Amino acid sequence: MSENGTAVTFGRKDFESDQEVRWCPGCGDYGILAAMQFLLPELDVAPHELVFVSGIGCAARLPYYMNTYGVHSIHGRAPAIATGVTMTRPDLHVWVIGGDGDMLSIGGNHLIHALRRNVNLKILMFNNQIYGLTKGQYSPTSEVGKITKSTPFGSIDHPFNPVSVAIGAEASFVARTHDTDRKHMQEIFRRAHEHRGAAFVEVYQNCNVFNDGAFDQILKRDSRPDMLIPLEHGQPIRFGTDLEHGVAVNEFGEPYVCEVADVGVDRLLVHDETRPDPTLAFSLSRLANGPHVPTPVGVFRDVERPVYEAEVQAQVDDAIERQGPGDLRSLISSGATWTVD
Amino acid sequence: MQLVGDRFTELSAVFGNDLATLPNYPAEIRAPAGTIAGVSSFQVHISDHDIVTPGDSPNVLVVMNPAALKANIADLPAGSTLIVNSDSFEERDLTKAGYTVNPLEDGSLAGYNMFQVPMTSISIEASKELGVKRRDAERSKNFFALGLICWMYTRPAKPIVEWIEKKYDKRPEVRDTNLAALKAGRNFGETAELFDHPFEIKPASLPPGQYTNITGNIAVAFGLVAGAHQAKLPLIYASYPITPASDILHELSKHKNFGVKTMQAEDEIAAASIAVGAAFSGALAVTGTSGPGLDLKSEAIGLAVSLELPMVIVDVQRAGPSTGLPTKTEQTDLLLALYGRHGESPLPVVAAKSASHCFDATFEAVRIAVKYRTPVILLTDGYLANGSEPWLLPDVSELPDISVPFATEMNHDDGFWPYLRDPETLARPWAIPGTPGLQHRIGGIEKEDGTGNISYQPENHERMVHLRQAKIDGIANDIAGVELDLDEGAELLVLGWGSTWGAIKAGVRRVRAGGGKVAHAHLMHLNPFPADLGDVLAAHPKVLCPEINLGQLAQVVRGRYLVDVRSFNRVAGLPFRAGEMEAALWEEINR
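Residues numbered from 1 in each chain as written. Chains lettered and ligands numbered in written order. Predicted model: local features only at pLDDT ≥ 70, side-chain atom pairs only at ≥ 80, totals over all residues.

Attention now moves to the overall build of chain A. Across its full length, chain A carries twelve helices and 14 strands. Here chain A has a C-alpha radius of gyration of 23 Å; the compact-globule value for 341 residues is 20 Å, and the two agree. Seen along its three principal axes, the alpha-carbon backbone of chain A occupies a region of about 90 × 50 × 50 Å. Counting across all 341 residues of chain A, residues that qualify as buried make up 47%. Considering only residue pairs separated by 6 or more positions, chain A has 66% of its internal contacts joining residues 24 or more positions apart. (Helix = DSSP H or I, 4+ residues; strand = E, 2+ residues; numbered from the N terminus. Rg over C-alpha atoms; globule rule 2.2 N^0.38 Å. Buried ≥ 20, exposed ≤ 12 C-beta atoms within 10 Å, placed from the backbone. Contact = placed C-beta atoms within 7 Å.)

Here it is as structure tokens:
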């Protein structure tokens, strides 16, 4: 809205900065940036009400390309810095941008604490399963056995599943999308924006220089129908060209991929994003332990919880209402005092 | 022991004595009672004149068990009064403290004016009628001791009685037991004829005004609230619990009606990072910690240097390295504060000299941070943080307005340049998110002078390195000169900083009383130094720099001014004593 109250609309250009985009040609980050810049004019938000905070890494350059407020900060700390922004200005829209190394390795602690506190941040984690800016070391999401510069005999660490980590931290909104489908990204980002509280979005992103084709098994156009499991709230979970595959639950309560013809439509799991208990959403995230088997995409979880900075503000407002605004004189003389004549 | 020490201190403060305290306790919350490691002590110095230290050697020592005797008897001058809880000198107690023979019986304490008082059994007897458990009755013996001391020093009981009634409001049996023990202690002093003359310390002749007794940590908290208020900014304090800084977080979390938002972060790094985000968004952003936490915050502080955002980092120094001695005091973080970041990353450093001065030093740190858009490190230490002294309450209506305007307009033909500096202060504009039209991106990568865009140009980096340094150096013209206590004809200048102020002052007074000549300069600003420091140093042929480190300020001053500064150092986790300071000054005078 403008100052005199008339609606002002913004176009895509209004959200683009004058800086030249410097990712490698062919990088998946271009698609993600485009999805964001296409989406923002559709939201009821002005450029000056947006803050993009990032850490270090290729993904973390994104704020420079947005004509919004932005901080390109230090490695891993973006969720904490963004928490400081939103504590000060709960009225602004704060996005956090980072990669798998930034958010799950050096910054893992800040990520899980921002999620458990339910700070009103929209956290986009670009997952390319590699360190790109430092030129090709394995990351905390790389598959076991990955040959990289730092692991010439193959990596031996077990990788994180970012969606599982987020749900484990009881994030109130958790979703997954991928850089080859701009419409899907836009829709997921919109859902994240509309959610009140911490929203965690994993974006599968191709690094065509250091880890090209990491997601080909599931994202190649002809393999997508059999390898992507779209999650739709209130619908039985089905996929395949003819929706011949589905997800059912075994006797231990664990979801598994099945053939609809074998189990029957009635036995399919109906997806419910809003279940307060994160257990089922977590189990869904365990369907795929990497992008080489059928993998769920879409919103895993979207529940309402008290929002951190709103609660902080409420305590302040409540104290002012109960005690009145602070008075310095009475503060400093609040202990026992005496007078010397 | 800390609890009753606090009560006696408060009482003496309200009575009008000048005072200084030194609480001393183990880092372990419940260190084994009765062992040397578990001894918790509280030293209080009260006086009818202006005093500056907790005192070197007490006139009266109260020991509750053999371990306390063993740990403290060396400090008690011969002929002084020693009051002993004789109930706790059983064989088992003696063994725990490492005594093979009972010191009460072997004549080793013959040089003292010793009173053996069965404090435990009298306390138990006093609450016999109340039907409390023996164990609970035993615990009230500290209040017996407090009652006894109050009688000795003619303190009125009423304020303590009121305090006990309020404190144990919900636990009537504890309240009544403690009240009974307190009364028994007073009565014992009055009737047992053990003490010939009660001590009487008259009120001190302090400057007129209203006083309160304050610790350094509370003074820092008040200074931050006052600073935010006078800067017209909301205060955000993010911190991770750490000894001895946590009380600042505790205190600030009570004052939400000032708009104060406190946050207990997941770690030290997050606390500093939250402050950076808050500073970017227009808050007075503060994080507080002690040495180990300052190590961890370094990278985020470096970011604030590069982003040129206002922020205050409070470092309540403690003994190191590593975990060190968390409850003991030191001045060993000066070089860390000045230089503990990679790259050329200068920032102002301010240090408090006494518990009450923490208020002024904090306010000054806030003023500099906001005006120059820079992180400022405020150094206090464990001694200031927990020690207390009377504080002449400032007239808050006289506190200066230290607010700076946020940027609201374009500042260049090309739009908004986030690094276009104020020609006088060299501070960059503070344009906070939410301001229409001033959207900009800043980051830790080197920025182009003016536009703030990423720049890898060699000449630009060189220029930015010099600009950041010049901004901090320029603050020297905007701070008070060296705090000076000159002595006509003195060859020796004693140069101090931080919490050694009291001990140095006491040492200087003694030397002057003994006919010696010595000048005292004390630094609140450690970076930049006051503009006149060079002249002050040059005016004295001898400079002695006492520090509770191995000569950190001395090294900086030697490097900067090419002056042959000599050091006096003792790094024992304790404040200097007036006596050792006097001796060090005489040695230097006679050298």
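More follows now that the structure is in view.
Residues and elements named next belong to chain B. Its 13 residues give helix H11 (residues 268-280) an end-to-end C-alpha distance of 19 Å, which sits within 8% of 18 Å, the value for a rise of 1.5 Å per residue. Counting buried positions over the 13 residues of H11 gives 13, a clear majority of the element. Trailing H11 by a residue or two, Gly282 shows a phi angle of about 100 degrees, which is positive. (Expected span 1.5 Å × (residues − 1).)

The subject of this paragraph is the packing of helix H1 (residues 2-15) of chain B against helix H7 (residues 158-167) of chain B. All names here are of chain B. Closest axis-to-axis distance for the H1/H7 pair is 10 Å, and the angle between their directions is 135 degrees. With respect to H7, the element H1 is oriented oblique. For the pair H1 and H7, the crossing hand works out as right-handed. Within the contact between the two elements, H1 uses Arg7, Leu11 and Val14 and H7 uses Pro159, Ile160 and Trp163. (Axes fitted to C-alpha atoms, helices over the stretch in contact; angles between N-to-C directions. Parallel < 35°, antiparallel > 145°, perpendicular 65-115°, else oblique. Left-handed = near helix turned anticlockwise from the far one by under 90°.)

Another aspect to go through is the pairing of strand S16 (residues 492-497) of chain B. Residue and element names in this part refer to chain B. The element S16 is extensively covered by neighbouring structure, given that six of its six residues are classed as buried. Going residue by residue along S16, you find Leu492, Val494 and Gly496 tucked away on one face and Leu493, Leu495 and Trp497 tucked away on the opposite face as well. Of the pairings in the sheet, the one linking S16 to strand S19 (residues 542-547) comprises three bridges and is parallel in character. The residue of S19 that forms the bridge with Leu493 is Val543. (Pairing = 2+ DSSP bridges.)

Between Gly320(B) and Pro321(B) the backbone carries a cis peptide bond, its omega angle lying at 5 degrees. Here Pro321(B) shows up in the loop between strand S10 (311-317) and helix H13 (334-339). Asn527(B) connects to Pro528(B) through a cis peptide bond whose omega is -15 degrees. With respect to the element layout, Pro528(B) can be found in the loop between strand S18 (525-527) and helix H18 (533-538). For Lys135(A), which is not glycine, the phi dihedral falls at a positive 70 degrees. Relative to the helices and strands, Lys135(A) resides in the loop between strand S5 (130-131) and strand S6 (137-138). Classification of Lys135(A) as exposed rests on a count of 11 C-beta atoms within 10 Å. Unlike most non-glycine residues, Glu308(B) shows phi in positive territory, near 55 degrees. Mapped onto the secondary structure, Glu308(B) falls in the loop between helix H12 (291-307) and S10.

Often, the extent of an interface is quoted as the loss of accessible area upon association of its parts. Counting residues at the interface gives 60 residues for chain B, matched by 53 residues for chain A. Taken together, the elements giving at least two residues each to the side of chain B that touches chain A come down to H1, strand S6 (209-215), helix H9 (216-231), strand S7 (235-239), strand S8 (261-264), H11, H12 and strand S14 (441-443) of chain B. Sort the elements by how many residues they give to the side of chain B that touches chain A and H11(B) lands first, with nine residues. Class assignment of the residues belonging to the side of chain B that touches chain A gives a composition of 32 nonpolar, 21 polar and seven charged. (Nonpolar A, V, L, I, M, F, W, Y, C, P; charged D, E, K, R; others polar.)

Moving on: the confidence of the model for chain B. Here chain B averages 93 in pLDDT, while 99% of its residues score no lower than 70. Scoring of the predicted complex yields 0.91 for pTM and 0.97 for ipTM. (pLDDT = per-residue confidence, 0-100.)

Right, let's get into the sheet that holds strand S5 (residues 113-117) of chain B. All names here are of chain B. Read across the sheet, three strands follow the order S3-S4-S5 without closing on themselves; strand pairing throughout is parallel. Single-partner strands in this sheet number two, and they are strand S3 (60-63) and S5. Adjacent strand axes in the sheet meet at a mean angle of 15 degrees, parallel and antiparallel pairs treated alike. Of the pairings in the sheet, the one linking S3 to strand S4 (residues 81-85) comprises four bridges and is parallel in character. Counted as the bridge partner of Val62 is Ile83 from S4.

We now examine the nonpolar core. In terms of nonpolar packing, the biggest core is built from 264 residues, with Val201(A), Leu235(B), Ala275(B) and Val276(B) touching the most fellow members. Look past the residues within four positions of Ala275(B) in its chain and what remains in contact with it is Gly84(A), Ile236(B), Ala238(B), Ala285(B), Val286(B), Thr287(B) and Met311(B). (Core = buried A, V, L, I, M, F, W, Y, C linked by C-beta atoms within 7 Å.)

A few words on the domain arrangement of chain B. Residues and elements named next belong to chain B. The domain boundaries assigned to chain B delineate domain 1 (2-191), domain 2 (213-398), domain 3 (405-478) and domain 4 (483-589). Put simply, the middle of domain 2 and the middle of domain 4, counted by C-alpha atoms, are 26 Å apart. Each side of the interface is counted separately: domain 2 has 23 residues, and domain 4 has 20 residues. Those elements giving two or more residues to the side of domain 2 that touches domain 4 turn out to be H13, strand S11 (349-351), helix H14 (357-372), strand S12 (375-381) and helix H15 (382-386). (Domains from an automatic or database assignment.)

Judged by pairing direction, the sheet is antiparallel, and its three strands sit side by side in the order S14(A)-S6(B)-S13(B) without closing on themselves. Of all the strands in the sheet, just strand S14 (337-340) of chain A together with strand S13 (388-392) of chain B have a single pairing partner and so form its edges. Here the strands of the sheet are splayed against their neighbours by 35 degrees on average, with no regard to which way each runs. Across four bridges, the pairing between S14(A) and S6(B) is antiparallel. Its bridge partner lying in S6(B), Trp338(A) is registered against Tyr211(B). Packed on one face of the sheet, H1(B) meets S14 of chain A together with S6 and S13 of chain B and runs near 165 degrees to S6(B).

Residues and elements named next belong to chain B. Tracing the sequence through the fold places Gly387 in the loop between H15 and S13. Separated by 170 residues in the primary sequence, Gly387 and Asn217 have C-alpha atoms spaced 9.0 Å apart. If sequence neighbours within four positions are ignored, Gly387 has contacts with Ala20, Thr21, Leu22, Pro23, Pro54, Thr215, Gly216 and Ala355.

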